[in-house]
Amino acid sequence: MEFINIVSGSKGNGSMLIEGRTIILIDAGCGIRKLKNELKERGLTIEDISYILLTHNHNDHIKTLDKFPLEKVYCLRKVVSLKNKKHYLEFDKNYDFGDFKVELLRTSHDSEAYCGFLFIDKVTNEKLGFVTDTGYIELDTLEKIRNLDYYYFESNHDLELLISSARSDLLKARIASYKGHLSNEQAAIYLSYIIGENTKKILLAHLSEECNSPFLALKTVYEIFKDKNIDYDKYDIRCLSQREVTKL
């Protein structure tokens, strides 16, 4: 399994998951030039992307969707309008996308429809949990993503920075709500509950540039893990960026 995060943050989001000839683009809010460069390194083009899976329809996740053929797009109903109704995904079903098995994960966000993804590599049996843009995670979802190899996990804001920011009270309330985004502390607590012996790497995603920093996000995970007697150094934990490409 090869995972490449092109961009992650409020200005745009997009990642690629690759196994063999199967290339899955997760969300289409990334810069096309960056995406093309990563594909070019592998002798590939945008036309080689096999499937495009969308978490939800906020602009930072779909703003470059018009650069791709809609026949490759799969998502929940109400995310975007698709001609092929068979491309609408449903919860509690297992899907085959080339070399990957995929199951939708329930999230909680203020859009028309939203989800995360559990990816299982059919070749290596490695598992990746993709959880972003959610205000909380229900127990059923946590159980589905327990003890995975890899996590792409939202760690959006530091609550104190959010409260003291110049943002409107309405926006602050939205972000901190159960329909908003996970804080560093929430993300760290959830991760402390679900990681296990199989876990190798954790990618902290969708960090706010105004109300967070890689230092604060990692520091919070360290403190929560220490409090729960979890060996922080056992895991490769990284913060994803709006500017830099990150690879597993």
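Residues numbered from 1 in each chain as written. Predicted model: local features only at pLDDT ≥ 70, side-chain atom pairs only at ≥ 80, totals over all residues. Heavy atoms only, no water.

Chemist: Please explain the sheet that holds strand β11 (residues 150-154) as it appears in this structure.
Modeler: Either a parallel or an antiparallel arrangement is found when strands of a sheet pair, and the pairing is made through backbone hydrogen bonds. In spatial order, the strands read β7-β8-β9-β10-β11-β12-β13; together these seven strands make up an open sheet with mixed pairing. The strands lining the two open edges of the sheet, one partner per strand, are β7 (94-97) and β13 (236-239). Direction aside, the axes of adjacent strands within the sheet are offset by 20° on average. Pairing of strand β10 (residues 127-131) with β11, which is carried by four bridges, proceeds in the parallel orientation. Bridge pairing in β11 places Phe-130 opposite Tyr-152. Across the sheet, helix α6 (residues 184-194) touches β11 and β12 (201-205), and the angle it forms with β11 is around 155°. In this fold helix α7 (residues 214-227) packs onto β12 and β13, with an angle of close to 150° to the strand it touches most, β13. (Pairing = 2+ DSSP bridges. Helix = DSSP H or I, 4+ residues; strand = E, 2+ residues; numbered from the N terminus. Axes fitted to C-alpha atoms, helices over the stretch in contact; angles between N-to-C directions. Contact = heavy atoms within 4.5 Å.)

Chemist: Could you clarify how one ought to interpret the environment of Lys-40 in this entry?
Modeler: Mapped onto the elements of the fold, Lys-40 is located in helix α1 (residues 32-40). On the basis of relative accessibility, which here comes to 66%, the residue Lys-40 falls in the exposed class. Lys-40 sits 38 residues away from Glu-2 along the chain, and the two C-alpha atoms are 15 Å apart. (Buried < 20%, exposed > 50% of the residue type's maximum accessible area, 1.4 Å probe, protein only.)

Chemist: Looking at this structure, how should I read the side chain of Ser-165?
Modeler: On the secondary structure map, Ser-165 appears in the loop between α4 (159-164) and α5 (169-176). Excluding anything up to four places from it in sequence, Ser-165 contacts Lys-172, Glu-210 and Cys-211.

Chemist: How do you make sense of the packing of aromatic side chains when you look at a structure like this?
Modeler: The way to describe two aromatic rings as a pair is by their centre distance and the angle between their planes. One pass over the structure, following the stated rule, counts twelve aromatic pairs. Aromatic pair Tyr-222 and Tyr-232: ring centres 5.4 Å apart, planes at 80°, arrangement edge-to-face. Taken together, the positions of Tyr-222 in helix α7 and Tyr-232 in the loop between α7 and β13 put the pair ten residues apart, joining distant regions of the chain. Under the relative-accessibility criterion, Tyr-222 is labelled partly exposed at 39%. (Phe/Tyr/Trp six-rings, centres within 6.5 Å; stacked < 30°, edge-to-face > 60°.)

Chemist: Can you walk me through the sheet that holds strand β14 (residues 246-247) in this structure?
Modeler: Spatially, seven strands are ordered β6-β5-β4-β3-β2-β1-β14 in an open sheet, and the strand pairing comes out mixed. The open sheet is flanked by β6 (88-89) and β14, the only strands paired with a single partner. When strand β1 (residues 2-7) meets strand β2 (residues 14-19), the two strands line up antiparallel, connected through five bridges. Each bridged residue has a counterpart across the sheet, and for Glu-2 the counterpart in β2 is Ile-18. Helix-sheet contacts for α1 involve β1, β2, β3 (22-26) and β14, and the interaxial angle to β1 is about 155°.

Chemist: Explanation requested: the pattern of salt bridges in the structure shown.
Modeler: Close approach of charged atoms allows side chains of opposite charge to pair. Overall, the coordinates contain 19 salt bridges when judged by the stated rule. For Arg-42, the salt bridge identified is with Glu-2, shortest N-O distance 2.7 Å. Placement of Arg-42 in the loop between α1 and β4 (51-53) and of Glu-2 in strand β1 is noted, with a sequence separation of 40 residues between them. Look at Arg-42 and you get partly exposed, because its relative accessible area is 26%. What makes Glu-2 partly exposed here is its relative accessible area of 32%. Notably, a salt bridge pairs Lys-144 with Asp-92, separated by 3.7 Å at the nearest N-O pair. Of this pair, Lys-144 sits in helix α3 (residues 139-144) while Asp-92 sits in the loop between β6 and β7; the two residues are 52 residues apart in sequence, bridging distant segments of the chain. Among the charged side chains, a salt-bridge network with shared partners connects Glu-2, Glu-38, Glu-41, Arg-42 and Lys-247. (Salt bridge = Lys/Arg side-chain N within 4 Å of Asp/Glu carboxyl O.)

Chemist: I keep staring at the side chain of Gln-242 and nothing clicks. Help me out?
Modeler: As for its placement among the helices and strands, Gln-242 is situated in the loop between β13 and β14. A polar contact is formed between the side chain of Gln-242 and the backbone nitrogen of Lys-11, at a distance of 3.0 Å. Polar side-chain contacts of Gln-242 include one of 3.0 Å to the backbone oxygen of Gly-12. (Polar contact = N/O pair within 3.5 Å; in protein donor to acceptor, adjacent residues only side chain to side chain.)

Chemist: Even after reading the chapter, I still don't get α7, so can you show me in this structure?
Modeler: Given 3.6 residues per helical turn, the α-helix brings residues three or four places apart onto the same face. The end-to-end C-alpha distance of α7 is 20 Å, a good match for the 20 Å that 14 residues give at a rise of 1.5 Å each. Within α7 the residues assigned to the buried category are Ala-217, Thr-220, Val-221, Ile-224 and Phe-225. Buried residues along α7 cover an arc of 125° about the axis, so they all sit on one side. Exposed side chains of α7 directed beyond 90 degrees from the buried face belong to Phe-215, Lys-226 and Asp-227. In the core, the buried residues of α7 are packed alongside α6, β12 and β13. Backbone geometry just downstream of α7 places Asn-229 in the positive-phi region, at approximately 60°. (Expected span 1.5 Å × (residues − 1). Arc of directions from axis to C-beta.)

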